[in-house]
Amino acid sequence: MLGKIWCYLWASPTTLFGLLAGVLTVATGGRGRRHGPVVELWGGFSTWLLSSWAFRAEAITLGHVILGRTGSALDRYRTHELEHVRQAEQWGLLFLPAYAIASLWAHLSGRHYYRDNWFEIDANHRDRARKTRTRRTLSN
Ligand SMILES: [Zn+2]
């Protein structure tokens, strides 16, 4: 219990950005829901933000807040985004700067700033491994 509280506190600087985007999302006609350990928001500001040239993403995680273009995008990318929640719990207030540095590092190394970002590679790897374990469990 104390560990979980610490995770929320440690990730809270990043979560604050997510909550700010969440307030803007709800104020502009978007919707929100709680899903397990996170709050998910979509529509309104979130759709505008994720459709903008700066992001061009279906979903983004900011601490314990996941923003999606649509509710179905959140369903589709939830397991990947929950890996970013885990990362935010591990890295805490260092998460956003570390993510930015990982993007810069990838770019300066001649790789893609998003696809080759260490945090994305880690999230994809863990998401795939978890899905493989789930399939094996279901087929046994
Ligand atoms: Zn990702």
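Residues numbered from 1 in each chain as written. Predicted model: local features only at pLDDT ≥ 70, side-chain atom pairs only at ≥ 80, totals over all residues. Heavy atoms only, no water.

Right, let's get into the overall build of the protein chain. A tally of regular secondary structure across the protein chain gives five helices and four strands. Scanning the protein chain from its N terminus toward the C terminus, one meets helices and strands in the order α-β-β-α-β-β-α-α-α. Viewed in the frame of its principal axes, the protein chain has a C-alpha envelope of about 45 × 40 × 30 Å. Considering the protein chain as a whole, with its 140 residues, one finds that 39% of them fall into the buried category. Restricting the contact set of the protein chain to residue pairs at least 6 apart, pairs at least 24 apart contribute 51%. Approximately 8600 Å² of the protein chain is accessible, and the part contributed by carbon and sulfur atoms is 66%. Taking the average place of the 18 positive charges on the side chains of the protein chain and the average place of its 10 negative ones, the gap between the two points comes to 3 Å. (Helix = DSSP H or I, 4+ residues; strand = E, 2+ residues; numbered from the N terminus. Buried < 20%, exposed > 50% of the residue type's maximum accessible area, 1.4 Å probe, protein only. Contact = heavy atoms within 4.5 Å. Areas by Shrake-Rupley, 256 points an atom, 1.4 Å probe, with all protein chains shown as cover. Lys, Arg positive; Asp, Glu negative; His and termini not counted. Charge placed at Lys NZ, Arg CZ, Asp CG, Glu CD.)

Turning next to the coordination of the zinc ion. The zinc ion binds to the protein through H80 (NE2), H84 (NE2), E120 (OE) and E120 (OE), with metal-donor distances spanning 2.0 to 2.7 Å. For the zinc ion, the four donor atoms in the first shell make angles of 53 to 150° at the metal, so the coordination geometry reads as irregular. Sequence spacing of the donors to the zinc ion: H-x3-H-x35-E. Within this pair, whereas H80 is found in helix α3 (residues 71-91), its partner E120 is found in helix α5 (residues 118-139), the two being separated by 40 residues in sequence. Judged by its relative accessible area of 8%, H80 is buried. (Donors = N, O, S within 2.8 Å, 3.2 Å for Na, K, Ca; no water. Tetrahedral: all angles 85-135°; square planar, octahedral: opposite > 155°, others 65-115°.)

The sharpest bend along α3 comes to roughly 65°, located at R78. By the burial criterion, the buried members of α3 are G71, A73, L74, R78, H80, E81, E83, H84, V85, Q87, A88 and E89. (Bend = angle between axes of the 7 residues up to and from the residue.)

Before going further, it helps to spend a moment on the side chain of E89. Inspection of the secondary structure puts E89 in helix α3. Engagement of the side chain of E89 in a polar contact is seen with the side chain of H64, the distance being 2.8 Å. Ignoring any residue separated from it by four or fewer positions in sequence, one finds E89 in contact with K4, C7, W10, A11 and H64. (Polar contact = N/O pair within 3.5 Å; in protein donor to acceptor, adjacent residues only side chain to side chain.)

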